[in-house]
Amino acid sequence: MYKIKLLVFVIFIITNLTSYAQNRIHGQVLDAKDQASLPGVNISIKGTSNGVITDMDGKFSLDVEISQVLVFTFVGYQQKELEVVSLENLTVVLEEEVEELKEVVVTALGISKEKQALGYAVSEVSSEDLTQVNTGSIANSLGGRVTGVQISGNRPGQASSISIRGNASLKGNNYPLIVIDGVPMDGRTKGGVGKWGGTDKGDALSMINPDDIATTSVLKGAAATALYGSRASNGVLLITTKTGKKKDGIGIDFNSSMIWSVPNNMLTARQNTYGQGVQGRVPSSEAEAMDTGLLSWGEKINGQNYVGFDGNTYQYNDQWDPMSLFSMGHVFNNSIAISAGNETVQTRISYANQQVQDIQPNSTIQRNSISARINTDQSKRLFLDTKLTYIHQDASRSSGGESTFNPSNAYHRMPASQSSEILKKNRANPSFINDVYTLNPYWVMDNLNITDIENKVLLSANIGFELFKGVKINYRNGLDFTSGRDLSITPVGTPYISNGESKESMKERYEMNHDLYLSLNKDLGKFNVSGIVGANMMQFSQNNVGIEMTQFYSDWYHVSNAGLVSGTQNHSEKEMNSIYGSLDFGYDRWLYLTVTGRNDWTSTLPAGNNSYFYPSFSSSIVFSEKVNLPVWFTLAKVRGSWAQVGSDTDPYKLYQTFRTAGNGFNNKNGNRILPAGYSGAMNNADLLPEMTSSIEFGADLGFFHDRINFNFTYYDQITENQIINMDISDASGFTSRMVNAGNMSNTGYEVSLNLVPVVNRNFHWNVGIHYTQNRNKVNSLIGDMEKITISDYGDVRVDAIVGEEYGVIMGRDYSRNDKGEIVYDENGIPNYTSELVQIGSMNPTAILGYSSNFNYKKLSLNILLDQQIGGQFYSGTNAAMYQSGTHINTLEGRDLYYTQGIGPNPEIYYNRISEINSEFIRDASYIRVKEISLGYGFSKSLLEKIHLSSARISAVVSNPFFIWKATENIDPTAILNASSTGRAVEMTALPSVRSYGFNLNVSF
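Residues numbered from 1 in each chain as written. Predicted model: local features only at pLDDT ≥ 70, side-chain atom pairs only at ≥ 80, totals over all residues. Heavy atoms only, no water.

Help me understand the overall build of the protein in this model?
Within the protein, the secondary structure is distributed over eleven helices and 56 strands. In terms of overall dimensions, the protein is globule-like: its C-alpha atoms have a radius of gyration of 32 Å, near the 30 Å expected for 1004 residues. In terms of principal-axis extent, the alpha carbons of the protein reach across some 100 × 75 × 65 Å. The contacts in the protein between residues at least 6 apart in sequence include a share of 68% that link residues at least 24 apart. Accessible surface, the protein: about 42,600 Å² in total, of which carbon and sulfur atoms supply 54%. Each charge class in the protein can be summarised by its mean position, and for the 81 positive and 99 negative side chains these summaries are 4 Å apart. (Helix = DSSP H or I, 4+ residues; strand = E, 2+ residues; numbered from the N terminus. Rg over C-alpha atoms; globule rule 2.2 N^0.38 Å. Contact = heavy atoms within 4.5 Å. Areas by Shrake-Rupley, 256 points an atom, 1.4 Å probe, with all protein chains shown as cover. Lys, Arg positive; Asp, Glu negative; His and termini not counted. Charge placed at Lys NZ, Arg CZ, Asp CG, Glu CD.)

Spelled out as structure tokens, the structure:
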């Protein structure tokens, strides 16, 4: 309390420094209800920029002139104006708003509820926050702004790894459900990158036009998500889009953002003392250059001559720039929306174009979307809300990981003496070293052909009719349809497959949801009763057809020009029928109780186990509405909930199915025979549904009418009967078996603190701090099994181990004796363990976000920082730099060995170190400046002259720098892929980007 008084006192002194005795008026502002003093009231002189705020006792003093008008404003109170008729002390009484607006948030099924009535935590992010720095990634804009959410990945077009309150599934999907205007959408990532390559094709969330979004609610616990059913066990991102508005004439909104991206050179621990070669020698022939193209064990760099891989002689200088492979990227977003409406019907039509050029020159995305929405006033007896969105995306991409067709898979291993100009000059030659899987990056850029085209249609229609006052019936239909084509060409002349290869696939995905529900909302004296009861039918189907062609006779990649052709075709279907209900009780606006229940019948579980029910109970008590608290104590609320959410599995996991293999052969009668067999997985006809149970308790406190807000949440969540594909002995004839196994828990805390340290007529300062701590623990597996492998990345793997946190990193460690000392061989080379052992854990101790927003008149400055404490990952980049001799740590011991023969051979020594995975476990902790935006809103007087209703321009920066990070050479937020364990392993990560640009928002 002392600190609060001190803060108000300091603010009071600062805002009154310019005051002096002449024509000074003194006064006090009181609450009309109980005559309590009101601190922090804004007092301004009408028509000027002069003003003060009241101190802790509600007192003020201000220089005025007779006949000037004082304006008193305070949140939750009616504005008051008083003319100065004398300089006598004033006592001003403010009346509370008769109907103070309560904060409303969007919850499950798109139902809007007062936030104070909720018995669980919900976070909401506004459209302004999402588009403040429009880098083309909605997920990235959520990071640092919401508690309980961990987001990795920051490059445009890249799929983001999103987890809400940890990972609930051992080996399954942990991605949250995405719901747009009440309709579920396929949010899974497309493509994927592993150690040996693959292509990140983004996710559905990155395709949504952020300028169409009104709000995004993050539903975290099971109580918040239970009504959405099985797919919501990992949380929900609930997106509400903009509608037309009631206004005279037509409104036009134009938004444009131009963001340029440059690579962050993270290779800060790279040595440039020794160049290409081995045994302390420079290459003296073309053959030696080809043998040592990625080895930096040569002589000290001193301008001497050496022979390059093309046979020419060059200067042995420090000339390799790791960033020379990359160029400036950009993200250009332009959108226009036209809206119109009257008392009956409102319409909004929008068009958006996004152009993305990655820092890799061959990676681009062109996206166009158009959306139309028509809605009527929901206060009418019959109302309609329908929306159609069409998105077309055309992309060219590069491969990732340690892939041949990742043009940057060797940029960190290039010797300092190598020149990008030599590689460019020989870009027609794919080889610069004697390794058919590592190619000249410029040849790769010229010949790489990985493209995908996607068309997405999102359709929703909601029609409602009020049967009686407070009783409505609604029917909602939602369609998510996607079709696309993927093409990947390995050109003729590629060293490891000289006759080339082409893979092409066509895909279709369809999901339809039908909801019919009855809603009730009745006030009975001090009681309020509301609720819904309804049914849902979900239908899903997917088709994929692919063709693979090899042994081309020329560089015409057509089926008629291929020597070998094979095809694949996959089809899957799923249905789920559900009934659900929710009943809300409120008493006198201070006591609330909500009960929900849902039962699903799914086609992917066996009869007898395919029906499962899950309930939830939540309650909140708003003491500040009932107890007579001090006037500065605005909100005092406690909340709690218990809930369950069930989950099923993918189609065709119950019974064994046959599939054809290869092209077959002709028998002696000339008939075509297609061999067939089981898939590698043993299915299980006795699967049970997964079940997630959670409890949650929290408190929301507000002080000084929203000048200080504090939110705290504790949760404990357990997922049982997990459906996983478990590895089994090959002797069974299968490689894995579908089982119900595992019990995993997530326990954590979420804390938010929002402050308004300064507010007056011209200046407003908001501060937000968000803290998340989660412990993700594996409690049991199946029988006496102690661990299973979640992801295998070759050198390392990620396991689930009973009693440990989810995501244990396994790898080779140093071999040690009984004293714990490292064991060396006779040549001084360290030994390592014969088995993979536990070497790290991917889970952070805590995640934090810090925001600070300053507004001075028409000028605004917004700063967002994010921080991670703890968490570990395996760095393949640093391991490769040890092996190649480019890491700065590999300098130690070279001089002695090369000049005097003392010590172990550094090439052998550091090559061995590169194989010891524990040496490359890195701390993922960091503090980063995530966003900065400086904006100016033009005055209404100017806008009226040019017939605009609003205009704003902003200069923006995204990910400009790390204040501190614990690891060298890489960005700790880089991820291999967007899977649950993607952040545990880093393999040849592309440089992260820092982005600069401008936003322009204009309304007519």
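How should I be thinking about the packing of aromatic side chains in this particular structure?
Pairs of aromatic rings are described using the distance from one ring centre to the other and the angle between the two planes. In total, this model carries 28 aromatic pairs according to the counting rule given. Relative to Tyr-496, the ring of Tyr-437 lies with its centre 5.3 Å away and its plane at 35°, an arrangement referred to as tilted. Placement of the pair is Tyr-437 in the loop between helix H6 (420-425) and helix H7 (441-447) and Tyr-496 in the loop between strand E27 (471-490) and strand E28 (501-524), with a sequence separation of 59 residues. When the ring centre of Tyr-715 is taken as origin, the NZ or CZ atom of Arg-165, which lies over that ring, is 4.3 Å away. The ring of Tyr-832 has Arg-812 sitting right over it, with the charged end atom 5.1 Å from the ring centre. (Phe/Tyr/Trp six-rings, centres within 6.5 Å; stacked < 30°, edge-to-face > 60°. Lys NZ or Arg CZ within 6 Å of the ring centre and 35° of its normal.)

I tried to follow empty space enclosed by the protein on my own but got confused; where do I start?
To find the voids left in a structure, one rolls a probe of water-molecule size over its atoms. Following the criterion strictly, the structure yields 13 cavities of 30 Å³ or more and no others. Within this model, the second largest cavity holds a volume of roughly 350 Å³. Lining the second largest cavity are 33 residues, with Gln-150, Ile-151, Asp-866, Gln-868 and Tyr-926 sitting closest to its centre. Elements with a contribution of two residues or more to the lining of the second largest cavity: helix H3 (138-142), strand E11 (149-152), strand E44 (763-780), strand E49 (846-856), strand E50 (859-869), strand E51 (872-875) and strand E53 (926-937). (1 Å grid on protein atoms, 1.4 Å probe; cavity = no way out; pocket = protein on both sides within 12 Å on 5 of 7 lines; lining within 4 Å. Points joined across faces, edges and corners; volume = space filled by probe spheres on them.)

Just to check I follow, could you spell out the packing of helix H8 (residues 876-884) against helix H10 (residues 906-915) for this structure?
To describe two helices that pack against each other, one gives the angle between their axes and the distance between the axes. As a packed pair, H8 and H10 sit with axes 7 Å apart at the nearest point and diverge in direction by 160°. The orientation of H8 with respect to H10, classified from their angle, is roughly antiparallel. Regarding H8 and H10, the two cross each other, and that crossing is left-handed. Side by side, H8 and H10 meet where Ala-879, Tyr-882 and Gln-883 of the first sit next to Tyr-910, Asn-911, Ile-913 and Ser-914 of the second. Its residues assigned to classes, the contact of H8 with H10 comprises four nonpolar, three polar and no charged. (Axes fitted to C-alpha atoms, helices over the stretch in contact; angles between N-to-C directions. Parallel < 35°, antiparallel > 145°, perpendicular 65-115°, else oblique. Left-handed = near helix turned anticlockwise from the far one by under 90°. Nonpolar A, V, L, I, M, F, W, Y, C, P; charged D, E, K, R; others polar.)

Please explain the sheet that holds strand E7 (residues 90-94) as it appears in this structure.
Backbone hydrogen bonds hold the strands of a sheet together, and the pairing may be parallel or antiparallel. Pairing within the open sheet is mixed, and its three strands lie in the order E4-E1-E7. At either end of the open sheet lies a strand with only one pairing partner, and these are strand E4 (59-63) and E7. Strand-to-strand twist across the sheet, computed as the mean angle between neighbouring axes with direction ignored, equals 30°. Pairing of strand E1 (residues 24-31) with E4, which is carried by five bridges, proceeds in the antiparallel orientation. Of the residues in E4, the one forming a bridge with Gln-28 is Lys-59. (Pairing = 2+ DSSP bridges.)

Please explain the environment of Arg-231 as it appears in this structure.
Along the chain, Arg-231 turns up in the loop between helix H4 (222-225) and strand E18 (236-241). Separated by 404 residues in the primary sequence, Arg-231 and Leu-635 have C-alpha atoms spaced 34 Å apart. Setting aside chain neighbours within four positions, we find Arg-231 in contact with Leu-177, Pro-184, Glu-511, Asn-513 and Met-538.

Honestly, the pairing of E11 in this entry has me stumped. Any pointers?
A regular strand places its side chains on the two faces of the sheet in alternate fashion. Residues Val-149 and Ile-151 of E11 are buried on one face, and the alternating residues Gln-150 and Ser-152, pointing to the opposite face, are buried as well. Both E11 and strand E12 (residues 161-164) contribute to a ladder of four bridges, which runs antiparallel. Looking across to E12, one finds that Val-149 is bridged to Ile-164. (Buried < 20%, exposed > 50% of the residue type's maximum accessible area, 1.4 Å probe, protein only.)

So what exactly am I meant to see when it comes to the nonpolar core here?
Soluble, globular proteins show a tendency: their nonpolar side chains are buried together. Among the nonpolar cores identified, the biggest contains 32 residues, and Leu-170, Tyr-874 and Val-985 are the most heavily contacted of them. Contact partners of Leu-170, with chain neighbours within four places excluded, come to Gln-722, Ile-724, Ala-741, Gly-742, Met-744, Val-778, Leu-781, Ile-788, Ile-790, Ala-800 and Tyr-806. The next biggest cluster of nonpolar side chains, apart from the first, holds 28 residues, and it includes Ala-289, Leu-294, Met-414 and Met-445. (Core = buried A, V, L, I, M, F, W, Y, C linked by side-chain atoms within 4.5 Å.)

Help me understand the sheet that holds strand E52 (residues 921-923) in this model?
One open sheet holds the three strands; their spatial order is E52-E51-E55, and the pairing between them is mixed. Strands at the two margins of the open sheet, each flanked by one partner only, are E52 and strand E55 (985-986). One ladder, built from two bridges, connects E51 with E55; its direction is parallel. Along E55, the bridge assignment pairs Ser-875 with Glu-986. Here H8 sits on the sheet and contacts E51, E52 and E55; the angle it forms with E51, its principal contact strand, is near 35°.

Hey, could you run me through the side chain of Ser-933 in this one?
Within the secondary structure layout, Ser-933 lies in strand E53. When neighbours within four sequence positions are excluded, Ser-933 is seen to be in contact with Gln-132, Val-133, Ser-860, Leu-861, Asn-862, Ala-955 and Val-956.

Quick question: what am I supposed to make of unusual backbone geometry here?
Outside of glycine, negative phi angles account for most residues, and trans bonds account for most peptide bonds. For Asn-721, which is not glycine, the phi torsion reads 55° and is therefore positive. Checked against the element boundaries, Asn-721 lands in the loop between strand E40 (708-720) and strand E41 (723-727). Of the residues examined, Asn-721 reaches a relative accessible area of 34% and is grouped as partly exposed. Its identity as a non-glycine residue notwithstanding, Lys-857 has a phi of 55°, on the positive side. As for its position among the elements, Lys-857 is in the loop between E49 and E50.

What is the right way to read H10 from this model?
Here H10 has its buried residues at Pro-906, Glu-907, Tyr-910, Ile-913 and Ser-914. Within H10, the buried residues cover an arc of 130° as seen down the axis, which keeps them to one side. The inward-facing, buried residues of H10 abut H8 and helix H9 (894-900). If you check the start of H10, you find a side-chain oxygen 2.9 Å away from the backbone N of Glu-907, and it comes from Asn-905. (Arc of directions from axis to C-beta. Polar contact = N/O pair within 3.5 Å; in protein donor to acceptor, adjacent residues only side chain to side chain.)

Is there a simple way to explain the environment of Thr-490 in this structure?
Position of Thr-490 among the secondary structure elements: in strand E27. When its relative accessible area of 7% is taken as the criterion, Thr-490 is described as buried. Discounting chain neighbours no more than four positions away, the residues touching Thr-490 are Phe-405, Tyr-496, Ile-497, Gly-500, Glu-501 and Tyr-557.

For this particular structure, what's the right way to read the pattern of salt bridges?
As a working rule, side chains carrying opposite charge can pair if their charged atoms are close by. Taken as a whole, this structure holds 31 salt bridges when the rule is applied. Between Lys-507 and Asp-486 there is a salt bridge, with the nearest N and O atoms lying 3.9 Å from each other. Highlighted residues: Lys-507 in strand E28 and Asp-486 in strand E27, separated in sequence by 21 residues. Residue Asp-486 is classed as buried on the basis of its relative accessible area of 13%. Bridged by salt links that share partners, the residues Arg-165, Lys-220, Lys-637, Arg-639, Glu-696, Asp-700 and Glu-750 form one connected network. (Salt bridge = Lys/Arg side-chain N within 4 Å of Asp/Glu carboxyl O.)

Looking at this structure, how should I read a nonpolar patch on the surface?
Taken together, the side chains of Leu-382, Leu-384, Ile-463, Phe-465, Leu-467, Phe-468, Ile-473, Tyr-475, Leu-516, Leu-518 and Val-533 define a hydrophobic patch exposed on the protein surface, amounting to about 930 Å² of accessible area. Sorting the residues of the nonpolar patch by element identifies strand E25 (382-397), strand E26 (449-468), E27 and E28 as the ones contributing at least two each. By secondary structure assignment, the location of Leu-467 is in strand E26. Take Leu-467: its relative accessible area is 31%, and that puts it in the partly exposed class. (Patch = residues over 30% accessible without salt bridge, like charges linked within 9 Å, V, L, I, M, F, W, Y side chains within 5 Å.)

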